[in-house]
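# Breakdown of the fold
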Amino acid sequence: MTSKRYENHKQDMLKSILSKSLTSAAPSEETIAKAHANSGTNSENPIIKLKYTLLEKYQDQKLEDIEGSEVIENSSGETLKIVKKEKIDFSLDNKNFKKELMCDLKLIPKVGPATEKKLKEAGFTDIPSLLEHEKYCEHAEEAIEKLESDSHWDKFNLIRKNSKSKGKMLKCAGDLDYDSFKFMDIETLGLSNVPIILIGVAEMDKKGKNITSTQYLLRDKVEEPAVIEEYLSHIDENSTLFTYNGASFDVPFIKNRCNYYQIENNVEPFHYDLIYYARDLWKDKLPNCKLTTIEKNIFDINRVDDVPGSHIPGYYDTYLKEKNIGPLIPIIEHNRLDIVSLAKFLMTMHEKS
């Protein structure tokens, strides 16, 4: 070994040794975590303390030890699938919805609140009565046809174009089969052009009595195409997608990764992004409409040992570096709670709309 190479080698070894010491100028994250754990100062950095605790707890376990997990294979390779089934009492009551829509004259083009008031004062109390109105009769006939059809899209689009009521748009979901619902959330290594490390999708049976969460996890970054392919196998033209901020983040992120790997992704299911309906209901009552804020203030849910999204990349990198599944455990649970919570949020939002 030449003198220069020998000196470089010594420097690298020295850096490695010093990184394991708190007296180093740049101690490693795990060294800091270990120091916090040993001193009991979890209040200084609870996220680092939690990660070290998880590394200790799961050091002898494998991903396949997680309940409901199995390694699966598809045309893109292998990945880990985790399935959990649980009871749910899900119902969207649309008993009086059709009558409510028939009384909303704002569903007629160019009829706003002021015009609706005048029409009702003149005796036009519902849309069928407008069939006798010279100006609005044709529009009333078209509206009745759409409201009486079995098409969810016809109703939704009529409301979106005319009355623009977020509550009534969400009510349209009650006309759909529960087993078509797909509650989806992703976890990534950043905000753009980085791998998706976990995709979760929750599905219910037709009666809304059971909900099954299926999660696809990257054991290594090379498994991303397999994860995407498995998720897409859940989605078809009859699916109804439910996300939280998914229109801005999850859905375009998945499309971007599909393009990166040249994975065909032509199916675009009907999509309810619940963040818009949450804002309509609670924006004036809450400091913000983040999912965790709604959980805490509306549903009185406080997650224990939850890892914020901003820390997920660091946790995942520690899992890869340490070959220890501990840091993945709260990521998996975080994602599962997100998708199952969406079903419960939908039911409450639908009821309050």
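Every value quoted in this text rests on a predicted model; they were computed, and no experiment measured them.

### Remarks on the overall build of the protein chain
Each helix and strand in the protein chain was counted, giving 14 helices and 7 strands. Classification of the 353 residues of the protein chain by burial places 48% in the buried group. The contacts in the protein chain between residues at least 6 apart in sequence include a share of 64% that link residues at least 24 apart. Total accessible area on the protein chain is roughly 19200 Å²; 47% of this is exposed by carbon and sulfur atoms.

### Concerning the confidence of the model for the protein chain
When pLDDT is averaged along the protein chain, the result is 89; 88% of the residues meet or exceed 70. A low-confidence stretch, residues 13-27 (pLDDT under 50), is modelled with 14 contacts involving residues beyond four sequence positions or located in other chains.

### Here's the deal with the sheet that holds strand β6 (residues 240-243)
Strand order in this open sheet of 7 strands is β1-β2-β5-β4-β3-β6-β7, and the pairing throughout is mixed. In the strand order of this sheet, the two ends are held by β1 (69-74) and β7 (270-273), each with one partner. Neighbouring strand axes in the sheet, compared pairwise and without regard to direction, differ in orientation by 25 degrees on average. As judged from the 6 bridges shared by strand β3 (residues 181-188) and strand β4 (residues 196-204), these two strands associate in the antiparallel manner. Looking across to β4, one finds that T188 is bridged to I196. Strands β3, β4, β6 and β7 of the sheet are contacted by helix α10 (residues 250-261), whose axis makes an angle of about 70 degrees with β3.

### Some words on the packing of helix α13 (residues 312-322) against helix α14 (residues 328-352)
Interaxial distance between α13 and α14 falls to 9 Å at its minimum, and their mutual angle equals 135 degrees. Taken together, the axis directions place α13 and α14 in an arrangement best described as oblique. For the pair α13 and α14, contact is made by I312, Y315, Y316 and Y319 and by L328, P330, I331 and H334, respectively. Classifying every residue of the contact of α13 with α14 gives 7 nonpolar, 1 polar and no charged.

### Regarding the pattern of salt bridges
Summed over the entire model, instances satisfying the criterion amount to 19 salt bridges. Where E64 meets R219, a salt bridge forms, and the shortest distance between an N and an O atom there is 3.9 Å. One end of the pair, E64, is in the loop between α3 (46-57) and β1; the other, R219, is in the loop between β5 (210-217) and α9 (224-232), with 155 residues separating them in the sequence. Judged by its relative accessible area of 40%, E64 is partly exposed. One salt bridge connects K106 with E116, and the closest N-O pair in it is separated by 3.1 Å. Residue K106 is located in the loop between α4 (97-102) and α5 (113-121), and its partner E116 is located in helix α5; the two are separated by 10 residues in the primary sequence. We classify K106 as partly exposed; its relative accessible area is 22%. One connected set of salt bridges, linked through shared partners, spans E100, D104, K106, E116, K120 and K168.

### Considering a negative patch on the surface
Together, E138, E141, E142 and E145 make up a negatively charged patch on the protein surface. Structurally, E138 can be placed in helix α6 (residues 137-148).

### Topic: the packing of aromatic side chains
Summed over the entire model, instances satisfying the criterion amount to 17 aromatic pairs. Look at Y272 and Y277: their rings are 6.0 Å apart centre to centre, the planes differ by 55 degrees, and that puts the pair in the tilted class. Y277 shares its class with Y272; the two are buried. The rings of F90, W153, F156, Y178, F181, F183, F242, F270, Y272 and Y277 are connected pair by pair, giving a single aromatic cluster. Here R257 stacks its cationic end above the ring of Y260, 4.6 Å away from the centre of that ring.

### Describing unusual backbone geometry
If you check the backbone angles, K164 has positive phi at about 60 degrees while not being a glycine. Along the polypeptide, K164 turns up in the loop between α7 (152-161) and α8 (166-171). On the basis of relative accessibility, which here comes to 54%, the residue K164 falls in the exposed class. Residues other than glycine seldom take positive phi values, yet D305 does so here, at roughly 55 degrees. Take D305: it is sitting in the loop between α12 (291-298) and α13.

Here is what the cut-offs are and how they apply
- Residues numbered from 1 in each chain as written.
- Predicted model: local features only at pLDDT ≥ 70, side-chain atom pairs only at ≥ 80, totals over all residues.
- Heavy atoms only, no water.
- Helix = DSSP H or I, 4+ residues; strand = E, 2+ residues; numbered from the N terminus.
- Buried < 20%, exposed > 50% of the residue type's maximum accessible area, 1.4 Å probe, protein only.
- Contact = heavy atoms within 4.5 Å.
- Areas by Shrake-Rupley, 256 points an atom, 1.4 Å probe, with all protein chains shown as cover.
- pLDDT = per-residue confidence, 0-100.
- Pairing = 2+ DSSP bridges.
- Axes fitted to C-alpha atoms, helices over the stretch in contact; angles between N-to-C directions.
- Parallel < 35°, antiparallel > 145°, perpendicular 65-115°, else oblique.
- Nonpolar A, V, L, I, M, F, W, Y, C, P; charged D, E, K, R; others polar.
- Salt bridge = Lys/Arg side-chain N within 4 Å of Asp/Glu carboxyl O.
- Patch = residues over 30% accessible without salt bridge, like charges linked within 9 Å, V, L, I, M, F, W, Y side chains within 5 Å.
- Lys, Arg positive; Asp, Glu negative; His and termini not counted.
- Charge placed at Lys NZ, Arg CZ, Asp CG, Glu CD.
- Phe/Tyr/Trp six-rings, centres within 6.5 Å; stacked < 30°, edge-to-face > 60°.
- Lys NZ or Arg CZ within 6 Å of the ring centre and 35° of its normal.

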